[in-house]
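Descriptive analysis of the structure
Listed here are the chains, written in short residue letters.
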Amino acid sequence: MDGTRMPPAGVNPGPNPAIKWFLFILFGLIFVIGLIIAGYYLSRNDTMGITVIRMEGTMVTGLGSDTDIIGSEVVGGELRAAADDPLIEAIVLRVNSPGGTPAAAQEIIRDLDYARSKKPVVVSMGDLATSAAYYVSVHADRIYANPDTFTAGVGVIWTFSDVSRFNEKEGFNISIIKSGSKKDMGSTSRPITDEEQAYAQKIVNDSFENFIRDVITRRAIARSEIDDGRVIRGADAVGLNVVDELGNLNDAIGGARKLAESRP
């Protein structure tokens, strides 16, 4: 018989203190993790299953993002992540952009179309949603704008500068060695030739036709109302079917919620 003392007969031994502390710590960790998860989702720009993605600044391809530019990969990545998130029911794309490159718009459009195949996407326009930014916007399910939002501006522009006379006056001499006649097309050291101007015009025209064809296919807009490239106030844009409805970001969020509720 060893020196171990047994509890008196009929008395149940209490739980091991080590187990009590383990369970206490385990439930505490579960509680803290739950708070972190809840805080994460509450801190996002989600309102009852609606997420707001911002496309602000001049659109360029890539990952750039600051007060002046927004990269297509930034916006596209956020659109795809929201589309694949089961907790998000609809997406509001907040647009405040003068446009950008056609290639940037085309990259964002592919990701927007992917998102739209999974859940509603609504555009809320801020100060500006013109040119390539409008190109992106027409791919949404619904467009909201403020009465004085500037939108449309459907068109393509390519600007050439020529400082050759200034260089000549100041005594600057520039020598160019090139492999083809158009390799230095757009150089500021000389004016473009008539042949180069015709070539540039063809590129602009082809890009413009792709742009405007997409717009008038997706929205019932008379080509003659937008083909001159002018910007249109939001209040006037509704009557032309350039946008669907006047309203701010909160209105767009409400509209997105309704679309999500009615979606089968």
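Data block above holds the structure.
These figures come from a predicted structure and were not determined experimentally.

Structurally, L249 can be placed in helix 9 (residues 249-262). Each C-alpha atom of the pair L249 and V92 lies 8.4 Å from the other, and the pair is 157 residues apart in sequence.

Counting residues in each nonpolar core, the largest one holds 44 residues, and the members touching the most others are M55, M59, L93, Y134, V136 and V242. Residue assignment for this core shows that the elements contributing at least two residues are strand 2 (50-56), helix 2 (72-84), strand 5 (90-97), helix 3 (102-116), strand 6 (121-130), helix 4 (132-137), strand 7 (142-145) and helix 6 (194-218). Ranked by residues supplied to this core, first place goes to helix 3 with six residues. Beyond its immediate stretch of four places on either side in the chain, Y134 contacts M125, A129, I143, T151, A152, V154, V215, R219, I221, N241 and V242. Core analysis: the second largest hydrophobic core is formed by 11 residues, V92, V122, A252 and A260 among them.

Here we come to the packing of helix 2 against helix 3. Their axes nearest at 8 Å, the elements helix 2 and helix 3 cross at an angle of 5°. In terms of orientation, helix 2 lies roughly parallel with respect to helix 3. Of the residues in helix 3, those in contact with S72, V75, G76, L79, R80, A83 and D84 of helix 2 are A104, E107, I108, R110, D111, L112, Y114 and A115. Among the residues forming the contact of helix 2 with helix 3, the class breakdown is eight nonpolar, two polar and five charged.

Our focus in this paragraph is the packing of aromatic side chains. Taken as a whole, this structure holds two aromatic pairs when the rule is applied. Pairing Y135 with F211 gives two aromatic rings, centres 4.7 Å apart and planes at 25°, and the pair type is stacked. On the criterion of sequence distance, the pair formed by Y135 in helix 4 and F211 in helix 6 is long-range, its members being 76 residues apart. Residue Y135 shares its accessibility class with F211, and that shared class is buried. Ring centres of W158 and F160 lie 4.9 Å apart, and the angle between their planes is 35°; on these two criteria the pair is classed as tilted. Looking at W158, the relative accessible area reads 40%, which means it is partly exposed. Given a relative accessible area of 25%, F160 falls into the partly exposed group. The residue whose ring lies beneath R80 is Y114, and the NZ or CZ to ring-centre distance is 4.2 Å.

Conventions adopted
Numbers given for residues are sequential positions, taken from 1 along each chain in its written order. At least 70 in pLDDT is required for a residue's local features to be given in this predicted model, at least 80 for side-chain atom pairs to be given and counted, and no such filter applies to totals for whole chains, interfaces and linings, which use all residues. Side-chain numbers here rest on the full set of heavy atoms in the structure, without hydrogens or water. Helix and strand labels come from DSSP, where a helix needs a run of H or I of at least four residues and a strand needs a run of E of at least two; each type is numbered from the N terminus. Side-chain atoms within 4.5 Å link the members of a nonpolar core, which is a set of buried Ala, Val, Leu, Ile, Met, Phe, Trp, Tyr and Cys residues. Accessibility here uses a 1.4 Å probe with only protein chains present; expressed as a share of the type maximum, an area under 20% marks a residue as buried, one over 50% as exposed, and anything in between as partly exposed. The contact criterion used is simple: two residues touch if any of their non-hydrogen atoms lie within 4.5 Å. Note on geometry: axes are lines fitted to C-alpha atoms, helical ones only across the stretch in contact, with angles between N-to-C directions running from 0 to 180 degrees. Comment on the angle field: the value is read as roughly parallel under 35 degrees, roughly antiparallel over 145, roughly perpendicular from 65 to 115, and oblique elsewhere. Lys, Arg, Asp and Glu make up the charged group, whereas Ala, Val, Leu, Ile, Met, Phe, Trp, Tyr, Cys and Pro make up the nonpolar group; the residues left over, Gly among them, are polar. Pairing of aromatic side chains requires ring centres within 6.5 Å, counting the rings of Phe and Tyr and the six-membered ring of Trp. Pairs whose planes differ by under 30 degrees are stacked, by over 60 edge-to-face, and all others tilted. Comment: the charge-over-ring label is applied if NZ (Lys) or CZ (Arg) is within 6 Å of the ring centre and within 35 degrees of the ring normal.

Taken by themselves, the reported measurements are silent on function.
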